[in-house]
Amino acid sequence: MSAASCLLTEDQFLCSICLDVFTDPVSTPFGHNSCKTCITNKNKNVPCQCPNCKKTFFTRPKLQVNTFISEMAAQFRQSAQQKASSSSSEQQVSKPGEVPCDVCTGTKLKALKSCLVCLASYCETHLEPHLTMSGLKRHQLIDPVENLEDRMCTKHDKLLELFCKTDQMYVCMLCTVLDHQGHSVVPLKEEYEGKKAELGKRDAEIQQMIQKRRLKIEEMKRSVQLSKKDADREIAAGVQVFRALKESVERSQAELMDTIKEKQRETEKQAEGFIKELEQEISELEKRSSEVKKLSQSEDHLHLLQSFPSLNTAPPTKDWTGVSVRPPSYEGTVRRAVNQLEETLSKQMKEAELKRVQQYAVDVTLDPDTAQPNLILSDDGKQVKHGDVKKNLPDNPERCNPSICVLSKQSFSSGRFYYEVQVKEKIMWTLGVATESINRKGDITLNPQDGYWTICLRNENEYRAHAGPSVRLSLKHQPEKVGVFVDYEEGLVSFYDVDAAALIYSFTGCCFTQKLYPYFGPCVNDGGKNSAPLIISPVSHTE
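The model shown is predicted, which means the values in this text are computed figures rather than measured ones.

1. What to know about the overall build of the protein
Logical step 1: Scanning the protein from terminus to terminus reveals nine helices and 23 strands.
Logical step 2: For 543 residues, the compact-globule estimate of 2.2 N^0.38 gives 24 Å, and the protein exceeds it by more than 25% at 57 Å.
Logical step 3: C-alpha atoms of the protein, sized along the principal axes, occupy 205 × 90 × 50 Å.
Logical step 4: Across the 543 residues in the protein, those meeting the buried criterion constitute 33%.
Logical step 5: Accessible surface, the protein as shown: approximately 34300 Å² in total, 52% of it carbon and sulfur.
Logical step 6: Here the protein carries 71 positive and 74 negative side-chain charges, and the mean point of each set is 8 Å from the other.

2. Description of the packing of aromatic side chains
Logical step 1: Summed over all chains, the structure comprises 11 aromatic pairs.
Logical step 2: For the ring pair Phe412 and Phe417, a centre distance of 4.0 Å and an interplane angle of 15 degrees mean the geometry is stacked.
Logical step 3: For Phe412, a relative accessible area of 16% puts it in the buried group.
Logical step 4: Centroid distance Tyr452 to Tyr519: 5.7 Å. Interplanar angle 85 degrees. Geometry classified as edge-to-face. Of this pair, Tyr452 sits in strand S16 (residues 452-458) while Tyr519 is found in strand S22 (residues 516-521), placing the two residues 67 residues apart along the sequence.
Logical step 5: Take Tyr452: its relative accessible area is 2%, and that puts it in the buried class.
Logical step 6: Taken together, the ring pairs connect Trp453, Tyr488 and Phe512 into an aromatic cluster.

3. Describing the pairing of strand S14 (residues 416-422)
Logical step 1: Summarising burial for S14: five of the seven residues are buried, a large majority.
Logical step 2: Looking at chain direction, S14 and strand S19 (residues 481-487) are connected through seven bridges and run antiparallel. The residue of S19 that forms the bridge with Phe417 is Val486.

4. Here we look at the sheet that holds strand S5 (residues 113-115)
Logical step 1: Read from one edge to the other, the open sheet built from three strands follows the order S6-S5-S7, with strand pairing classed as antiparallel. Of all strands in the sheet, those with a lone pairing partner are strand S6 (120-122) and strand S7 (141-142), marking the two edges.

5. Topic: a nonpolar patch on the surface
Logical step 1: A cluster of nonpolar residues, Leu174, Val177 and Leu178, forms a patch on the protein surface that exposes about 270 Å² of accessible area.
Logical step 2: Relative to the assigned elements, Val177 resides in helix H6 (residues 173-178).

6. Notes on helix H9 (residues 333-358)
Logical step 1: An ideal rise of 1.5 Å per residue puts 38 Å on 26 residues; H9 measures up with 37 Å between its terminal C-alpha atoms.
Logical step 2: Within the span of H9, buried status applies to Thr333, Leu341, Gln348, Ala352, Leu354, Val357 and Gln358.
Logical step 3: Buried residues in H9 make contact with helix H7 (188-296), S14, S19 and strand S20 (492-497).

7. Some thoughts on the sheet that holds strand S12 (residues 383-386)
Logical step 1: Strand order in the open sheet formed by seven strands is S11-S12-S23-S14-S19-S20-S21, with antiparallel pairing between adjacent strands. Each of the sheet's edge strands pairs with one partner strand only, and the pair in question is strand S11 (375-377) and strand S21 (502-507). With strand direction ignored, the average angle separating the axes of adjacent strands in the sheet is 20 degrees.

8. Focus: H7
Logical step 1: For H7, with 109 residues, the first-to-last C-alpha span of 155 Å sits near the 162 Å given by 1.5 Å per residue.
Logical step 2: All buried positions along H7 are accounted for by Glu191, Val241, Leu245, Ser248, Ser252, Leu256, Thr267, Ala271, Phe274, Glu281 and Leu295.
Logical step 3: Of the surrounding elements, those touching the buried residues of H7 are strand S8 (162-164), strand S10 (185-187), helix H8 (301-311) and H9.

9. Quick word on the state of the cysteines
Logical step 1: Applying the stated criterion across every chain, the model contains zero disulfides.
Logical step 2: Left unpaired, Cys101 is separated from the closest cysteine sulfur, that of Cys104, by 3.6 Å.
Logical step 3: Take Cys101: its relative accessible area is 1%, and that puts it in the buried class.
Logical step 4: With no disulfide of its own, Cys400 has Cys405 as its nearest cysteine by sulfur position, at a separation of 3.5 Å.
Logical step 5: In this structure Cys400 comes out as buried when scored by relative accessible area, which is 2%.

10. A word on unusual backbone geometry
Logical step 1: At the junction of Asn401 and Pro402, the peptide bond is cis and its omega measures out at 10 degrees in the coordinates.
Logical step 2: As for its position among the elements, Pro402 is in the loop between S12 and strand S13 (406-407).
Logical step 3: Residue Pro469 is reached from Gly468 by a cis peptide bond, and omega for that bond is 5 degrees.
Logical step 4: Phi is positive for Asn459, which is not a glycine, with a value near 55 degrees.
Logical step 5: Relative to the helices and strands, Asn459 is located in the loop between S16 and strand S17 (462-465).
Logical step 6: The exposure class assigned to Asn459 is exposed, which follows from its relative accessible area of 54%.

11. So, the layout of surface pockets
Take a probe with the size of a water molecule and roll it over the atoms, and the empty space left behind shows itself.
Logical step 1: Estimates place the volume of the second largest pocket at around 620 Å³.
Logical step 2: The wall of the second largest pocket is formed by 19 residues, among which Arg151, Leu160, Leu188, Lys189 and Tyr192 lie closest to the centre.
Logical step 3: Where the lining of the second largest pocket is concerned, the elements lending two or more residues are S8 and H7.
Logical step 4: For the lining of the second largest pocket, the element with the most residues is H7, which contributes five residues.
Logical step 5: Of the residues in the lining of the second largest pocket, the class split is 11 nonpolar, two polar and six charged.

What counts and what doesn't
Residues numbered from 1 in each chain as written. Predicted model: local features only at pLDDT ≥ 70, side-chain atom pairs only at ≥ 80, totals over all residues. Heavy atoms only, no water. Helix = DSSP H or I, 4+ residues; strand = E, 2+ residues; numbered from the N terminus. Rg over C-alpha atoms; globule rule 2.2 N^0.38 Å. Buried < 20%, exposed > 50% of the residue type's maximum accessible area, 1.4 Å probe, protein only. Areas by Shrake-Rupley, 256 points an atom, 1.4 Å probe, with all protein chains shown as cover. Lys, Arg positive; Asp, Glu negative; His and termini not counted. Charge placed at Lys NZ, Arg CZ, Asp CG, Glu CD. Phe/Tyr/Trp six-rings, centres within 6.5 Å; stacked < 30°, edge-to-face > 60°. Pairing = 2+ DSSP bridges. Patch = residues over 30% accessible without salt bridge, like charges linked within 9 Å, V, L, I, M, F, W, Y side chains within 5 Å. Salt bridge = Lys/Arg side-chain N within 4 Å of Asp/Glu carboxyl O. Expected span 1.5 Å × (residues − 1). Contact = heavy atoms within 4.5 Å. Axes fitted to C-alpha atoms, helices over the stretch in contact; angles between N-to-C directions. Disulfide = S-S within 2.5 Å. 1 Å grid on protein atoms, 1.4 Å probe; cavity = no way out; pocket = protein on both sides within 12 Å on 5 of 7 lines; lining within 4 Å. Points joined across faces, edges and corners; volume = space filled by probe spheres on them. Nonpolar A, V, L, I, M, F, W, Y, C, P; charged D, E, K, R; others polar.

Any functional reading would require information that these geometric values do not contain.
As structure tokens, then:
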């Protein structure tokens with residue numbers, strides 16, 4: 001019998017009235033079984049009705065307990081209780097924050113599902129009927145939630161299973177008839193699917209925002225790393241400069257001390273010479289004085305008269321009346337030393353500044369597609385000069401015409417860059433940088449408002465910065481090599497006389513928003529007077 005019971009399911013041992021395992025099962029004339037108490041209480045009225053097939057019988061039968069089914073039901077109940085006991089020991093006890101089973105007595109186990117029909121939550125054991133019984137299988141199960149009563153309509157005590165799009169609220173079936181008639185009402189599942197799709201879209205947007213911020217973090221980290229490299233480089237350069245300045249100060253101080261000491265030594269040497277000469281004369285005079293005294297005491301009349309002529313005159317001496325030792329004058333010595341030091345420090349600072357920008361040197365070559373047709377470019381793209389013959393070239397949008405200039409192939413939209421151009425033997429030239437959107441056709445004006453940051457030489461010795469209006473530049477020396485430095489983020493364009501390590505001019509406070517191209521204007525040939533080319537030179541760091 002035990003083996004047979006294992007082949008039967010729980011549904012076969014459940015009373016169709018109380019939905020529990022049979023207690024004293026009896027059979028109707030139609031072959032259906034129920035608990036004796038259930039069918040007796042249910043069929044008090046006449047005619048009697050079978051609870052399973054609903055067929056009626058007018059003669060109340062004498063109900064006898066089916067001992068076979070009763071024994072099998074008892075065995076099934078015992079097996080189910082053992083199974084439930086074993087299952088409950090394996091299940092987790094409900095913890096704070098978790099939904100407990102509403103059926104468990106004593107220790108509450110963790111609920112696995114909540115039923116929206118029963119408005120109760122069940123652990124694994126008490127959930128079993130909802131998974132096996134045909135009547136309960138139709139109930140809607142969801143992941144366990146608390147406060148299931150909140151899912152009931154407070155007005156009609158019906159399940160909130162619809163959503164009113166018109167009023168944007170959850171409603172029951174009666175609400176749609178009584179309070180929301182004519183409104184746009186959809187099942188919760190449909191609204192759920194729509195909102196779920198929106199959440200998916202929103203999550204994709206959020207993930208995209210997260211990704212952008214992660215990229216921004218990486219960008220900032222890279223910026224910090226670059227900043228640290230720049231800081232380390234600047235610190236090293238600063239230490240080197242200040243070490244050189246300190247050495248210059250110490251050297252100037254030592255030279256000042258040596259100058260003062262040398263003057264003092266010369267004064268002491270002069271005084272020593274005078275003193276020695278005076279001491280020699282004193283010695284001679286003392287000797288003559290001794291001889292005169294001795295002669296004056298002689299009793300030999302003839303000897304005194306014979307020696308008198310030679311001793312009566314003083315020995316030859318120097319006239320010391322106008323001779324003196326004057327302390328040397330140190331007036332202006334310190335001032336001259338400081339002035340010399342200032343010149344030295346100024347020169348070293350200029351050299352240090354040039355070294356600093358030279359470390360951002362880039363390789364620049366000329367772009368033939370931008371060259372005005374009269375210009376002649378070298379094969380390596382490093383030299384350009386004006387020719388008398390205008391070449392027949394395609395007038396593409398990139399080409400500058402008629403403006404006598406050419407741009408570089410390379411462009412820069414961030415960071416710092418530096419390059420050097422030889423302008424030796426030229427009497428006219430223009431150098432600088434230009435934006436990508438400059439007007440390359442017709443008449444142009446070289447000023448920052450039109451996208452140009454340039455300086456130029458005109459008439460052999462007239463230097464100007466095209467600052468709009470142009471600024472006349474006073475230079476001590478005519479530069480033979482010009483360095484161009486750009487700090488994109490800082491908005492700075494500076495020009496240097498490389499050989500003199502001197503700043504020529506700086507455009508400051510610039511606002512760059514486009515790509516920048518190095519700009520080269522060799523100007524007209526002028527009958528051979530300005531035939532020398534502009535030459536992009538390799539950067540040789542100053543020592």
